[in-house]
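Close look at the chain arrangement
Listed below are the residues making up each chain.
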Amino acid sequence: MKWKTLESEYISEHIYFTARRDRCQREDGTIIDPYFVVEMPTSATALAMTADNKVLLVNQYRHPINDVVLEFPGGFVDPGEDFATAMHRELLEETGYRFDKVEWVGRVAANPGVLTNYTELFLATGGVKTQEQQLDHNEEIEVLEMPMEEFLEKVRKQELVQALHVSCLFFALLKSGKLAFTG
């Protein structure tokens, strides 16, 4: 079922948004033209828990959906950077918190029909504020500490809309034993 790429033409080249138009061929000989692909770097996000067991969240404006949304801390992994190192860095930059433990819980592809990247998912525990935020020039992030029950109520009300972060919550709860399947 794998396709063969016959041609690729880059439409846009930017570190966070590289788009190309591919001409592909299926195993049965069918030509798929055009097929658009967006290349993006790997990203990482974490369900982050403070030392006093509160969920650490960020509120920020997301221009593509024209809304301020509640999210987990996270961001892109730098070239050559280890995923866990990137997660530690993103947590510190976006929130000013250091974490005792950052544990990998899973990996998801946001939209493999268009996007090339994966998002690495983590559970971060033991967070303590050690410095002020170190935000990128285009970031404006409000940091929130929230008791788990209050956070889960927001999840029930579908106030956590970032699909990758909902996936992270799912895998983190599975890993921590707070979510189990019974048959």
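You'll find the structure just up there.
Residues numbered from 1 in each chain as written. Predicted model: local features only at pLDDT ≥ 70, side-chain atom pairs only at ≥ 80, totals over all residues. Heavy atoms only, no water.

1. Here's the deal with the pattern of salt bridges
- According to the stated counting rule, one finds 16 salt bridges in the structure shown.
- With a closest N to O distance of 3.3 Å, Arg 21 and Asp 33 form a salt bridge. Pair noted here: Arg 21 is in strand β2 (residues 18–25) and Asp 33 is in strand β3 (residues 31–39), with a separation of twelve residues, a long-range link.
- With a relative accessible area of 32%, Arg 21 lands in the partly exposed category.
- Of the residues examined, Asp 33 reaches a relative accessible area of 40% and is grouped as partly exposed.
- Arg 89 is the partner of Glu 81 in a salt bridge, and the nearest nitrogen-oxygen pair spans 2.8 Å. The pair Glu 81 / Arg 89 is uniform in exposure class, with both members buried. (Salt bridge = Lys/Arg side-chain N within 4 Å of Asp/Glu carboxyl O. Helix = DSSP H or I, 4+ residues; strand = E, 2+ residues; numbered from the N terminus. Buried < 20%, exposed > 50% of the residue type's maximum accessible area, 1.4 Å probe, protein only.)

2. Comments concerning the layout of surface pockets
- Each pocket or cavity is described by its volume, and for the largest pocket that value is around 1,400 Å³.
- As for the largest pocket, its lining consists of 39 residues, of which Met 40, Arg 62, Gly 75, Phe 76 and Gln 162 are closest to the centre.
- Secondary structure elements with two or more residues in the lining of the largest pocket: β4 (43–50), β5 (54–62), β6 (67–71), β7 (74–76), α1 (83–95) and α3 (163–176).
- Top element by residues in the lining of the largest pocket is α1. It accounts for four residues.
- Quantified by volume, the second largest pocket comes out at close to 190 Å³.
- Looking at the second largest pocket, the residues that line it are Trp 3, Thr 5, Arg 20, Asp 22, Cys 24, Tyr 35, Val 37, Pro 112, Gly 113, Val 114, Leu 115 and Thr 116. (1 Å grid on protein atoms, 1.4 Å probe; cavity = no way out; pocket = protein on both sides within 12 Å on 5 of 7 lines; lining within 4 Å. Points joined across faces, edges and corners; volume = space filled by probe spheres on them.)

3. A word on unusual backbone geometry
- Between Asp 33 and the following residue, Pro 34, the backbone shows a cis peptide bond with an omega angle of 5 degrees.
- With respect to the element layout, Pro 34 can be found in strand β3.
- Its identity is not glycine, yet Asn 53 carries a phi of approximately 65 degrees, on the positive side.
- Of note, Asn 53 is situated in the loop between β4 and β5.
- Residue classification places Asn 53 among the exposed positions, given a relative accessible area of 55%.
- Positive phi outside glycine occurs at Asn 66, with the angle close to 50 degrees.
- On the secondary structure map, Asn 66 appears in the loop between β5 and β6.
- Classification of Asn 66 by relative accessible area gives exposed; the value is 58%.

4. Looking at the packing of aromatic side chains
- Scanning the model with the defined rule gives five aromatic pairs in all.
- For the ring pair Trp 3 and Tyr 35, a centre distance of 5.3 Å and an interplane angle of 85 degrees mean the geometry is edge-to-face. Pair noted here: Trp 3 is in the segment before β1 (4–12) and Tyr 35 is in strand β3, with a separation of 32 residues, a long-range link.
- According to the relative accessible area criterion, Trp 3 is partly exposed, its value standing at 37%.
- A relative accessible area of 28% means that Tyr 35 is categorised as partly exposed.
- Judged by centre distance (5.8 Å) and plane angle (40 degrees), the rings of Phe 72 and Phe 151 are tilted. Of this pair, Phe 72 sits in the loop between β6 and β7 while Phe 151 sits in helix α2 (residues 148–156), and the two are 79 residues apart along the sequence.
- For Phe 72, a relative accessible area of 1% translates into the label buried. (Phe/Tyr/Trp six-rings, centres within 6.5 Å; stacked < 30°, edge-to-face > 60°.)

The values reported here are purely geometric and, on their own, carry no functional implication.
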